[in-house]
Amino acid sequence: MKGRVLVVDDDTALAEMLGIVLRGEGFEPSFVADGDKALAAFREAKPDLVLLDLMLPGRDGIEVCRLIRAESGVPIVMLTAKSDTVDVVVGLESGADDYIIKPFKPKELVARIRARLRRSEEPAPEQLTIGDLVIDVAGHSVKREGQSIALTPLEFDLLVALARKPWQVFTREVLLEQVWGYRHAADTRLVNVHVQRLRSKVEKDPERPEIVVTVRGVGYKAGPS
Amino acid sequence: MSGNGAAPERGVGRPVDTAGGISLLRRLWRAARQLPDGAASGPVHPVLRLYVRWVRRPLLPAMRLWRRNIQLRVVATTLLMSLGVVLLLGVVVIGQVRNGLLEAKRHASQSQAEGGFKAARDAADTVSDSRGGGGQDGSQSGGRDTGAWLTGLVQQLASGGQGVYHVVALSSGGGDTSAVGARGPRASGDLDPEHSIPVDLRKQLDLKTGALERSASIKHSAADEGEPALVVGKRMYGPDGKAYQLYYLFPYTQEEKSLKLVKGTLLTAGVFVVVLLGAIAWLVVRQIVTPVRMAASISERLAAGVLQERMKVTGEDDIARLGEAFNKMAQNLQVKIQQLEQLSRMQRRFVSDVSHELRTPLTTVRMAAEVIHEAREDFDPVTARSAELLYGQVDRFESLLADLLEISRFDAGAAALEAEPVDLRDVVHRVVDGALPLAERKGTKLIVTGGEQPVVAEADSRRVERVLRNLVVNAVEHGEGRDVVVRLAAAGGAVAVAVRDYGVGLKPGEATRVFNRFWRADPARARTTGGTGLGLSIAVEDARLHGGWLQAWGEPGGGSQFRLTLPRTAGDTLRGSPIPLEPDDSRRNRGMNEAGVPLAVSGRGGATAVPPAPPGPSPVPAQTRATPTVDLTALPGSGARVVPRPGGTPFDKAERPEKASGAAGSETGGEGRTEARTEREGQARGR
């Protein structure tokens, strides 16, 4: 398994401790402490995953997240001390795949990182359709009438999870488990934010979604093919 | 419209014209006054009250205006009072003018009449003197002469009057109408002498010699209404020596005219004065009322939060001072509120910063502790135990910090409710699943009842789950291995979850104190469970954020019940809970005293202690009511003092007031047993 992790954190003690834990779990951590240098470090290290502290000197974490997301779909996990709704939602909307609130348990962090990296294992060739979209699971591509749509790995996983069982309504909890790999019920805001991000990319009219349909009071399901 | 606000109600009783009319009216009035309060203290007949209400209804808007509008009241009062003053003045002035006029008229008339009477006497003397020389001419011609003389006299006397007065000559001796020719009535002008002169005046003149005066009315014919006049009459003697009556009649025509003029003038002046006074009152009151109204409306807007509102101040008078003082007050208020808001913002900011600043090092510490903990097998026993302690306490420190931050978020008002329809059954099942490992360790069985139908409410599932997790974990921890029953119910506009345990229970007064921050039943007792002491405080805040209730009930040794009630629709006000706070299987509800002896023996309390059937759809099934595997009341040391009403909230008292009698009935445990309390009670319910 590839395991290059870029840790963007200004707290040297925490960064060092993260390094110890990550190395202990077999990852290859690299470090950057300054938001301004984060993008350069990202290009240089080509990590498989970014651990990003939201509060950074220089550019803040939200901005760094946006910049990285602009050029790569690499999984980003935010480290945040603020569990307030606004902070988390802003972080997720800026492109983070997942977040973990300080103070966290090392095992929890490692589980999240593994869950984000898990999808890099080779999937079986599979062709799915949802609405007028054609999904090539192995080729990791989504096309509408031949036009390719760029999705992050997480958004792709979310879409595939819905498309594999178009007859099923997925609750947010089930999606958290299937897509994010949470075993316990966690924050369903993750699902809400990412569904919105996905819709903004795949729907013709995000205000009237046809691909990812909301089932009021239950969750989401794939739109009719 | 002024003044008709109050007057018509008084009119309600007016048609009642009996001896008790006044008191009835007063009663009516009093009843009318009391009606809006619904607190009629006097014995007012209901039909009467209905009638009064029916009469009052159309008047209500006017009364409302009357009560609320001070300008209207002042103007109406001024109008009424000035009207009264003007009327009084008018009556007095007119009376005086009338008296003056009459007095002058009398004087003038009397002197005029005196002159006339003198002239008549002289004329009679002259004639009789001349006739005395001629001797007896024969009586028939003498009679005719006297008649002619009288006619001439009347004409002569009246000729000086020119309509200002009339002269009438009547025969003396009353009804002597036979001598029409000589002694018949004569009158100047065309007036009717017989009807113009009052009969009693004629009779009096026959008896007296002086001049008499009397008011009468001049009539031109018998059917005439007549005009008022002053009559002056005197008995005279004709040339033949026979008496006749001579009357002067002075009509009041001129005086009436003058009086009419005075009245007209006074009326005009009075109307002007009243209207002008009303207008002046209106203007004056307006000057005062306008700023007051402005102040009132601005106060209302200030109260509504528009803090930059100010009064317009012009001049230096009292009103301006009021305005200035008002504005100063508003200014100070605004500054204070802004300071408080800033403090609140700073507090929130501080909490947020503390959150970040503390959490980052804590994360490092925690990871380090875990790494050390993982490697503890390689250490010597002392270091290994230290690593374990470090690991455990970091955990505790973290949950304490999290709870503290949560509480301060509530205190800062930064907690926001994210309500959406939630089926509480799902939440309860998640919570129960989460608590299963702990329950298995403690040997507790978790039972959920009332979950046959959906229990949906608009709630923040994260918060509700936190509350319920807290309650269930507490119940398991303090339940001493006995069953814990989680009961769900929905009724009316509310849903409720009650968590019942059969553990140590709560001492009197503890049911409210359990929600205090860092509260412990016995401060001297060491903590065994890892609670932070903030769990229930946070739970109460969570419930409050929903507009719901979190309440506790407990009896020493008999376990406790914690009940969460939430409104079905977010933001609604709760009126009651589908689950009674005191469970059906409480010692009192089963009619037991503290020692477990059925109360029915003493014959009292048993009936009253039966609780009303809960409005919820499903009361606890029989098998759960019999759940306690051990008869709690038979436990040693469970005897203690009577369980009072959990000092809970007022609505519970209102809900089931009849419980008080039940409490009194179960007072058989007696004070003697109080000492028998065991350390069981002392066991901490630190939550």
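Residues numbered from 1 in each chain as written. Chains lettered and ligands numbered in written order. Predicted model: local features only at pLDDT ≥ 70, side-chain atom pairs only at ≥ 80, totals over all residues.

Caption draft 1: Highlighting the overall build of chain B. Regarding its fold elements, chain B presents 20 helices and 12 strands. At a minimum sequence separation of 6, the contacts of chain B that also span at least 24 residues come to 70%. (Helix = DSSP H or I, 4+ residues; strand = E, 2+ residues; numbered from the N terminus. Contact = placed C-beta atoms within 7 Å.)

Caption draft 2: The arrangement of the interface of chain A and chain B in detail. Opposite the 17 residues of chain A that make contact, chain B presents 17 residues. Ranked by residue count, the leading element in the side of chain A that touches chain B is helix α1 (residues 12-24) of chain A, at five residues. Residue composition of the side of chain A that touches chain B, by class: 11 nonpolar, two polar and four charged. (Nonpolar A, V, L, I, M, F, W, Y, C, P; charged D, E, K, R; others polar.)

Caption draft 3: Up close: the UniProt feature "transmembrane region" (unreviewed entry) in chain B. Residue and element names in this part refer to chain B. Within this structure's numbering, the places UniProt gives as "transmembrane region" (unreviewed entry) are residues 70-97 and 266-285. With 100% helix and 0% strand, the stretch residues 70-97 has end C-alpha atoms that lie 40 Å from each other. Helix makes up 100% of residues 266-285 and strand 0%, with an end-to-end C-alpha separation of 28 Å. (UniProt positions renumbered as here; feature names shortened; annotations may be inferred.)

Caption draft 4: Examining the sheet that holds strand β3 (residues 212-218) of chain B more closely. Residues and elements named next belong to chain B. Reading across the sheet, the five strands line up as β2-β1-β5-β4-β3 and stay open at both edges, with antiparallel pairing between neighbours. Edge strands, defined here as strands with exactly one partner in the open sheet, are β2 (186-187) and β3. Contacting β1 (166-171), β3, β4 (227-237) and β5 (243-251), helix α9 (residues 199-207) runs over the sheet at an angle of about 25° to β4. (Pairing = 2+ DSSP bridges. Axes fitted to C-alpha atoms, helices over the stretch in contact; angles between N-to-C directions.)

Caption draft 5: How the structure looks around the pairing of strand β4 (residues 76-80) of chain A. Residues and elements named next belong to chain A. Summarising burial for β4: four of the five residues are buried, a large majority. In this structure, strand β3 (residues 49-53) lies alongside β4, joined through four bridges in parallel fashion. Across the sheet, the residue bridging to Leu52 is Met78, located in β4. As for the winding sense of the linkage, the β-α-β connection from β3 through helix α3 (residues 61-71) to β4 is right-handed. (Buried ≥ 20, exposed ≤ 12 C-beta atoms within 10 Å, placed from the backbone. Right-handed = clockwise from strand over helix to strand, strands pointing away.)

Caption draft 6: Main features of the packing of helix α6 (residues 153-164) of chain A against helix α7 (residues 172-180) of chain A. All names here are of chain A. Look at α6 against α7: their axes get within 10 Å of each other, and the N-to-C directions meet at 125°. Looking at the two axes, α6 sits oblique to α7. As for the relative orientation of α6 and α7, their crossing is right-handed in sense. From α6, Leu154, Asp157, Leu158 and Ala161 reach across to α7, where they touch Leu175, Gln178 and Val179. (Parallel < 35°, antiparallel > 145°, perpendicular 65-115°, else oblique. Left-handed = near helix turned anticlockwise from the far one by under 90°.)

Caption draft 7: Looking closely at α3 of chain A. Residues and elements named next belong to chain A. When α3 is considered as a whole, its buried residues turn out to be Gly61, Ile62, Val64, Cys65 and Ile68. Down the axis of α3, the sector holding all buried residues measures 160°, keeping them to one side. Projecting away from the buried face of α3 at angles above 90 degrees are the exposed residues Ala70 and Glu71. (Arc of directions from axis to C-beta.)

Caption draft 8: Structural view of the environment of Gly131 of chain A. For Gly131 of chain A, the position within the fold is in the loop between β6 (127-130) and β7 (133-136). C-alpha of Gly131 of chain A to C-alpha of Arg144 of chain A: the two residues are 13 residues apart in sequence and 9.4 Å apart in space.

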